[in-house]
Amino acid sequence: MNTSLSAARLKPSDYYSVEQHDAEMSGIWESSWIFAGLKADFPAIGSYKTCQLGRHPLILLKNNKGELHVLHNVCRHRSTEILEGTGQLSKNITCPYHRWTYNLEGDLLAVPDAATCFQGLDRSQLGLKAGSIGFIGELVFIHPEPDQNFDKWAEPLKDQLWPHDLLSPKMGEAEPITYDIKCNWKVFAENALDGYHLAHLHSETLGGPRPAQNKWVPKGDHMMWYATDDGQILHSLPAQVRKSLENSRATKFKEAETPGYAGVYFMYPGTLVVPTPYSFSVTTFHPLSPTKVRLRVRNWFPKTLLTGLQSDYTLKDIPGYDPNTLIVSSDHWGTDFDPQKSDDFQTEDVWITEKMQRGLMSPNAQIGPLAQGMGAEDPLIWFQNKIMISCHQ
Ligand code: FES
Ligand SMILES: [Fe+2]
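Below: a short report on this structure. (Residues numbered from 1 in each chain as written. Chains lettered and ligands numbered in written order. Predicted model: local features only at pLDDT ≥ 70, side-chain atom pairs only at ≥ 80, totals over all residues. Heavy atoms only, no water.)

**Examining the packing of helix H4 (residues 185–193) against helix H6 (residues 345–360)**
- Viewed as axis vectors pointing N to C, H4 and H6 meet at an angle of 130°, and their least axial separation amounts to 10 Å. What the angle tells us is that H4 and H6 run oblique. Relative to H6, H4 is oriented so that their crossing is right-handed. Across from Val187, Phe188 and Asn191 in H4, the residues of H6 making contact are Gln346, Asp349, Val350, Ile352, Thr353, Met356, Gln357 and Leu360.
- Of the residues in the contact of H4 with H6, the class split is six nonpolar, four polar and one charged. (Axes fitted to C-alpha atoms, helices over the stretch in contact; angles between N-to-C directions. Helix = DSSP H or I, 4+ residues; strand = E, 2+ residues; numbered from the N terminus. Parallel < 35°, antiparallel > 145°, perpendicular 65-115°, else oblique. Left-handed = near helix turned anticlockwise from the far one by under 90°. Contact = heavy atoms within 4.5 Å. Nonpolar A, V, L, I, M, F, W, Y, C, P; charged D, E, K, R; others polar.)

In C-alpha cells:
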C-alpha cells in the first residue's frame, strides 16, 4: 500500500504502554464517532442511556422536543457523574450529591440554597456540556465534542450501505453480549482487519477466504470487507458459511438477499457493522486499560428464528460466559477447554488476540513483515497510519 507513512509501524510497546494509551484516549477515543444504540432504544421523552467514550462519561437522551442528543454526564457543580445505566427520567436530570437540577436540554434549572450559598450565580453558564449526534438509518452515533460534522464522517459510506430494515417486524434482537478480552484494543481491531488469518485460524469456522479472495476497500475513515471466494460476485459471507446456511435453509431477510453490500464495515476507530442475509450485528470496542478491551455486541436475526438455528448461541452457551457478571471472558474457560475446537470464530479470536498480547509484552518481541495485499495484512498499515496520525497531531 503506497502511503507516506507505510514504513512507519506500531511497535510492541504501543500495544501496552500507558503513554500510548493516554495519547489514544485524547487523540482517538475522545475525538471520534462511535455507535451508541438504536433510535428505538429511546422510546419516550426523557429516555436515556449512559456511556463512556474515552474518559468522558456521556448521556444519550431524548429531550422535550423528542430529539436525541448527547450531554456530558458530569455535574457542573463539582463534577459528580450524574446518571447511571439506562432509564426513563420523569422530567429533569438531578445530581444526587447536592441536587443541582438540569432540564432535558441540559440547562441548569435549580440550585438548592441558592439565595444563601450562591449569590449572583449565573445559571446560564452552568448547563451540562454538549456532545454531538448523528444517524445512519436507525443507528445512532455519538461524539463527545460539540458541533461535529457527522455527515462528513459518514458520507464515504453513503452509496455502500447495507439494506437491512431494523424496524421490520420480522427483525428481532438477541440478548446483547459483552466480552472482556485481555488484549490491547488495537490487537483486536487489527485481527478484525486481517484477511490473512481467515483461512488459517478460522479454517474450521469460516473456512477462509484466502488473501486473494478477500477484498478490503478503504473509504474515508472506514474499511469495507467483501468475500470474493465464489466467482466475481462480492458477498458479505465467506462461501463456506454461505453454503452451510443455505443448506440449513436458514431464513434470510428479504431486503438483504441480493449481494453487493459489504460483510464488515469497520468504522474507525471502534465500530464494526456486520450485515449478512441472515443477521445484522454491531460491535463496539471500549478500551478498559492498555491491555484490556471490552466488546459490546448487538445481534439481530429473523424473529421466527430467534430461538432457533441462527441464534443458536444463547448467552449461556458462549464459552466463558459468567452468569454473575454477565460477561464473556477467557477467565471462565475450563482448564480442559480447547478454543480451537469451540466451533466459534469469535472464541478463536479471543484466544489468539490474548496470546498475541502476551507475546507482544515479551522484551524480545519484534514485529515481523506483514502479509502484503489488501486481502491480507495491508489493512493493518492503513489502520496503523491512522493511529499514528491521530496520536501525533
Ligand atoms: S456535585 Fe452535583 S450537585 Fe454538587
Ligand atoms: Fe478473526
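**Observations concerning the pattern of salt bridges**
- Per the stated rule, a full pass over the model turns up 15 salt bridges.
- For Asp331, the salt bridge identified is with Lys182, shortest N-O distance 2.5 Å. With a gap of 149 residues between them, Asp331 in the loop between strand E20 (327–328) and H6 and Lys182 in the loop between strand E12 (177–181) and H4 connect regions that are remote in the sequence.
- Residue Lys182 is classed as partly exposed on the basis of its relative accessible area of 34%.
- Each of Asp41, Lys49, Glu173 and Arg298 takes part in salt bridges that share partners, so that together they form one network. (Salt bridge = Lys/Arg side-chain N within 4 Å of Asp/Glu carboxyl O. Buried < 20%, exposed > 50% of the residue type's maximum accessible area, 1.4 Å probe, protein only.)

**Quick word on the coordination of the iron ion (ligand 2)**
- Of the protein atoms, only His197 (NE2), His202 (NE2), Asp349 (OD) and Asp349 (OD) coordinate the iron ion (ligand 2), at distances of 2.1 to 2.4 Å.
- The coordination sphere of the iron ion (ligand 2) comprises four donor atoms, whose angles at the metal cover 57 to 163°; the geometry is irregular.
- Within one chain, the residues donating to the iron ion (ligand 2) are spaced in sequence as H-x4-H-x146-D.
- Under the relative-accessibility criterion, His197 is labelled buried at 12%.
- Take His202: its relative accessible area is 1%, and that puts it in the buried class. (Donors = N, O, S within 2.8 Å, 3.2 Å for Na, K, Ca; no water. Tetrahedral: all angles 85-135°; square planar, octahedral: opposite > 155°, others 65-115°.)

**A short note on the side chain of His164**
- Assignment of secondary structure puts His164 in the loop between helix H3 (150–154) and strand E11 (171–173).
- Under the relative-accessibility criterion, His164 is labelled buried at 9%.
- Reaching out from His164, the side chain makes a polar contact with the backbone oxygen of Thr276 at a distance of 2.7 Å.
- With sequence-adjacent residues up to four places away left out, His164 is seen in contact with Met171, Phe253, Glu255, Ala256, Tyr261, Pro275, Thr276, Ser279 and Phe280. (Polar contact = N/O pair within 3.5 Å; in protein donor to acceptor, adjacent residues only side chain to side chain.)

As far as function goes, none of this settles anything; it's purely spatial.
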